[in-house]
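Next come the chains, spelled out residue by residue.
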Amino acid sequence: MEAATLTAREILTDSLARHAAGTPAGSVPAEALERAHLRVIDSVGCALAGHLAPGLPGLVDTAASWGAGPATVIGTTRTVSVRGAALANAALTRAFDFEPVSAEGPGGEEVAAHLSGTSVPVALAEGQRRGATGAQVLEALALGDDVAARLAVGSGFDVYSGQDNTGTVNVVGAAAVAGRLAGLSPEALVAAWGVAVQRAGGSVAPIFADAPSFRLPMAFAAESAVTAVELAEAGWAGEPDPLAGRFGFLDRFCPGANPELMLAGLGEVYCADRVIKPWSSCRASHPSLEAAARLHGALLLAAGASTTGGGLDAAVPGTGAPVAGGAATAAAAAATVAQAGGAPAPAPTLGELSAQVARAVVHVTPRTAAGFVGAPWEPGDWPEVAAAFSIPFTTAAALLTGTLLPRTLLGAAEGAVGALARRVELVPSLTPDEYLTAEVELTLADGRVLRERVDAPLGDRHHSPLSAAEVHAKFLANAELGGHSPASAAAALDALLALPTAASLTDLFAALAPGRRLTPTYPGPSLRPPVPLGGHHDHADPQHG
């Protein structure tokens with residue numbers, strides 16, 4: 001058969017393998033490498049914070065029990081097997097649902113995915129084993145993520161189908177990362193994929209059940225990718241065409257397989273996760289969370305006005321205007337109250353802020369309201385998991401604190417945020433195409449009604465990206481949560497920033513381990529100023545690019 005007559009499906013596996021394993025060193029575009037570098041910084045910070053998540057210390061111990069080896073558990077000095085490090089570090093990265101998300105396609109398509117939480121741990125573990133330079137790690141990551149993202153956007157995946165693609169496309173992409181660092185030929189990478197797809201799987205049932213095992217498909221994918229490459233090196237292989245052949249990856253995991261899309265612009269357009277999250281919760285909760293965070297300032301002003309005798313009209317110049325959350329808003333509220341004739345009041349408690357909320361209504365699509373993020377708030381046995389996947393909780397947290405970070409998830413079982421979350425109402429009033437839109441309608445105690453609408457939440461590189469400085473600030477906060485002092489967190493960030501020119505990963509892992517692991521106590525959410533992730537951003541329609 002002439003090559004010109006072959007279909008996209010018939011050349012898919014060979015084309016992706018030659019791309020991942022055969023692209024010459026030094027030919028990956030600088031922009032793709034820079035994006036990969038930023039995803040490494042963000043993912044590693046999430047892994048450092050992950051040590052505080054309930055259940056994660058036991059998982060790390062289990063991975064370490066598989067034996068010593070050349071790879072390191074992020075944030076520690078423990079050296080374990082490569083597959084143990086890949087699994088442990090992927091689970092740590094996934095701990096608070098704070099890692100990069102949303103695979104993009106060659107034409108700007110977008111699908112729910114969490115690629116980096118698997119690929120970054122595999123790249124770092126294999127990089128240690130193979131003695132790779134930082135540049136080689138980033139190159140492997142850019143190529144492997146490109147494979148995974150293309151499979152994801154061309155799969156026809158539906159997050160509510162029951163399948164969890166963090167355990168399917170991730171294992172193929174991560175095997176490409178590991179295979180690239182191992183120096184596999186394209187043919188050997190196909191053999192590794194033949195092994196890897198036998199371990200692909202996972203479901204979203206744990207998310208619906210608020211169970212900590214939601215972290216495992218991503219972690220199992222990391223371990224499986226490493227194992228598949230090891231077996232390929234030992235001579236093992238699967239079927240000749242494990243991706244597009246009969247009963248292969250496309251048949252099993254891609255209900256709307258589009259091989260043409262998977263191959264579009266291959267070698268010219270590099271795809272990957274497109275969102276770096278500003279908040280530690282499911283992306284589906286971010287439109288309502290951002291809208292609520294903008295209204296946080298109005299609550300501060302209302303609470304300040306009620307304690308000083310000033311009226312809300314004097315405190316808020318134009319109700320419903322976007323308001324940035326955090327320390328800047330608190331300072332502005334105090335200054336405005338003082339100008340209205342009263343002395344600056346102490347920062348209101350969460351209970352006092354909650355008392356200003358007569359009613360909180362979140363308008364979303366019917367699909368969102370019926371999904372796992374739309375369920376009424378119940379903390380359950382794993383409240384930090386339930387909170388990360390709950391619009392009522394994330395909305396309440398943003399209203400009262402102006403943000404949502406892991407420390408709030410750790411205190412989700414009790415306090416004013418949870419109490420307000422039980423009062424948050426969801427209304428399925430938006431049209432189906434407004435899937436990344438939400439509107440929060442807030443009725444204050446004095447009867448005034450404020451509204452905020454978000455059509456494209458913060459974090460998407462095409463619409464409202466976090467700046468590099470904001471990603472760095474997020475890393476520093478996560479590192480301190482994970483036990484670093486401010487100074488050692490800064491040193492760890494410096495080591496990560498030096499990754500593109502690093503001769504090895506030795507100095508990086510040394511910097512990532514704090515001198516001593518702290519065990520801070522968490523009294524629950526507070527009005528401590530959140531990470532400065534920017535104020536108001538202009539948002540574009542999510543359908544554009």
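You'll find the structure just up there.
Residues numbered from 1 in each chain as written. Predicted model: local features only at pLDDT ≥ 70, side-chain atom pairs only at ≥ 80, totals over all residues. Heavy atoms only, no water.

Student: I tried to follow the overall build of the protein chain on my own but got confused; where do I start?
Tutor: Looking only at helices and strands, the protein chain features 24 helices and nine strands. Evaluated residue by residue, the protein chain yields a buried proportion of 59% over its 545 residues. Within the protein chain, contacts between residues at least 6 apart in sequence are counted, and of these 80% link residues at least 24 apart. Accessible surface, the protein chain: about 19200 Å² in total, of which carbon and sulfur atoms supply 56%. (Helix = DSSP H or I, 4+ residues; strand = E, 2+ residues; numbered from the N terminus. Buried < 20%, exposed > 50% of the residue type's maximum accessible area, 1.4 Å probe, protein only. Contact = heavy atoms within 4.5 Å. Areas by Shrake-Rupley, 256 points an atom, 1.4 Å probe, with all protein chains shown as cover.)

Student: Whenever I open this one, the packing of helix α5 (residues 116–130) against helix α6 (residues 134–153) confuses me. Can you help?
Tutor: Relative orientation and spacing of two packed helices are given, respectively, by the angle between their axes and the distance between those axes. At a closest axis distance of 10 Å, the pairing of α5 and α6 adopts a crossing angle of 145 degrees. Read as a crossing pair, α5 and α6 show a hand that is right-handed. Along the contact surface, α5 presents Ser116, Ser119, Val120, Ala123, Leu124 and Gly127, while α6 presents Val137, Leu141 and Asp145. (Axes fitted to C-alpha atoms, helices over the stretch in contact; angles between N-to-C directions. Left-handed = near helix turned anticlockwise from the far one by under 90°.)

Student: Even after reading the chapter, I still don't get the side chain of Ser102, so can you show me in this structure?
Tutor: Within the secondary structure, Ser102 is located in strand β3 (residues 101–104). A relative accessible area of 6% means that Ser102 is categorised as buried. Setting aside residues up to four positions removed in sequence, Ser102 forms contacts with Glu110, Val111, Ala113, Ala272, Asp273, Arg274, Val275 and Arg283.

Student: When you look at the pairing of strand β8 (residues 438–444) in this model, what are you seeing that I'm missing?
Tutor: A regular strand places its side chains so that they alternate between the two faces of the sheet. With seven of seven residues buried, β8 lies mostly within the body of the structure. With burial as the criterion, each face of β8 is covered, one bearing Ala438, Val440, Leu442 and Leu444 and the other bearing Glu439, Glu441 and Thr443. In terms of strand pairing, strand β6 (residues 357–363) meets β8 through six bridges, oriented antiparallel. Its bridge partner lying in β8, Ala360 is registered against Leu442. Between β8 and strand β9 (residues 449–454), which follow one another and run antiparallel, lie four residues, and Gly447 among them has a positive phi close to 95 degrees. (Pairing = 2+ DSSP bridges.)

Student: Can you walk me through the pairing of β9 in this structure?
Tutor: On β9, burial follows the alternation: Leu450, Glu452 and Val454 on one face are buried, whereas Val449, Arg451 and Arg453 on the facing-out side are not. In this structure, β8 lies alongside β9, joined through six bridges in antiparallel fashion. Counterpart to Leu442 in the pairing with β9 is Leu450.

Student: When you look at the sheet that holds β8 in this model, what are you seeing that I'm missing?
Tutor: Whether parallel or antiparallel, the strands of a sheet pair through hydrogen bonds between backbone atoms. Taken together, four strands build an open sheet; the order of strands is β7-β6-β8-β9 and the sheet is mixed. Whereas interior strands pair on both sides, the edge strands pair on one side only; in this sheet they are β7 (424–427) and β9. Averaged over all pairs of adjacent strands, the angle between their axes in this sheet comes to 20 degrees, without regard to strand direction. Of the strands in this sheet, β6, β7 and β8 touch helix α19 (residues 391–401), which is tilted by about 125 degrees from β7.

Student: I keep staring at the packing of helix α2 (residues 30–50) against helix α22 (residues 468–481) and nothing clicks. Help me out?
Tutor: With their axes 7 Å apart at the nearest point, α2 and α22 run at an angle of 20 degrees to one another. Accordingly, the angle class assigned to the pair α2 and α22 is roughly parallel. Handedness of the α2/α22 crossing: left-handed. Residue-level inspection shows Leu38, Ile41, Asp42, Val44, Gly45, Cys46, Leu48 and Ala49 of α2 in contact with α22, the latter providing Val471, His472, Lys474, Phe475, Asn478, Ala479 and Leu481. A class-by-class count of the residues in the contact of α2 with α22 yields ten nonpolar, three polar and two charged. (Parallel < 35°, antiparallel > 145°, perpendicular 65-115°, else oblique. Nonpolar A, V, L, I, M, F, W, Y, C, P; charged D, E, K, R; others polar.)

Student: Teacher, can you tell me more about the packing of aromatic side chains here?
Tutor: The description of two aromatic rings rests on the distance between their centres and on the angle between their planes. Applying the stated criterion across every chain yields a total of seven aromatic pairs. Arranged with centres 5.1 Å apart and planes meeting at 80 degrees, the rings of Phe214 and Phe389 form a pair that is edge-to-face. With Phe214 in the loop between α9 (205–208) and α10 (216–233) and Phe389 in the loop between α18 (383–388) and α19, this pair connects stretches of sequence that are 175 residues apart. Judged on exposure class, the residue Phe214 and its partner Phe389 are both buried. Pairing Trp377 with Phe393 gives two aromatic rings, centres 4.7 Å apart and planes at 40 degrees, and the pair type is tilted. Of this pair, Trp377 sits in the loop between α17 (366–370) and α18 while Phe393 sits in helix α19, placing them 16 residues apart in sequence. Each member of the pair, Trp377 together with Phe393, is buried. Grouped by ring-pair contacts, the aromatic residues Tyr160, Phe208, Phe214, Phe372 and Phe389 constitute a single cluster. Just above the ring of Phe98 sits the side chain of Lys474; from NZ or CZ to the centre is 3.9 Å. (Phe/Tyr/Trp six-rings, centres within 6.5 Å; stacked < 30°, edge-to-face > 60°. Lys NZ or Arg CZ within 6 Å of the ring centre and 35° of its normal.)

Student: Help me understand the nonpolar core in this model?
Tutor: Of all hydrophobic cores here, the largest spans 167 residues; its most connected members are Leu124, Val172, Trp193, Phe249, Phe393, Phe475 and Leu512. With twelve residues, the single largest contributor to this core is α6. When neighbours within four sequence positions are excluded, Val172 is seen to be in contact with Val147, Leu151, Trp193, Val197, Leu243 and Phe249. (Core = buried A, V, L, I, M, F, W, Y, C linked by side-chain atoms within 4.5 Å.)

Student: Any chance you could explain the environment of Ser285 here in plain terms?
Tutor: By the element assignment, Ser285 lies in the loop between β5 (273–275) and α13 (286–308). As a C-alpha pair, Ser285 and Ile391 span 106 residues in sequence and 5.3 Å in three-dimensional space. Those residues in contact with Ser285 that sit more than four places away from it in its chain are Ile391 and Thr394.

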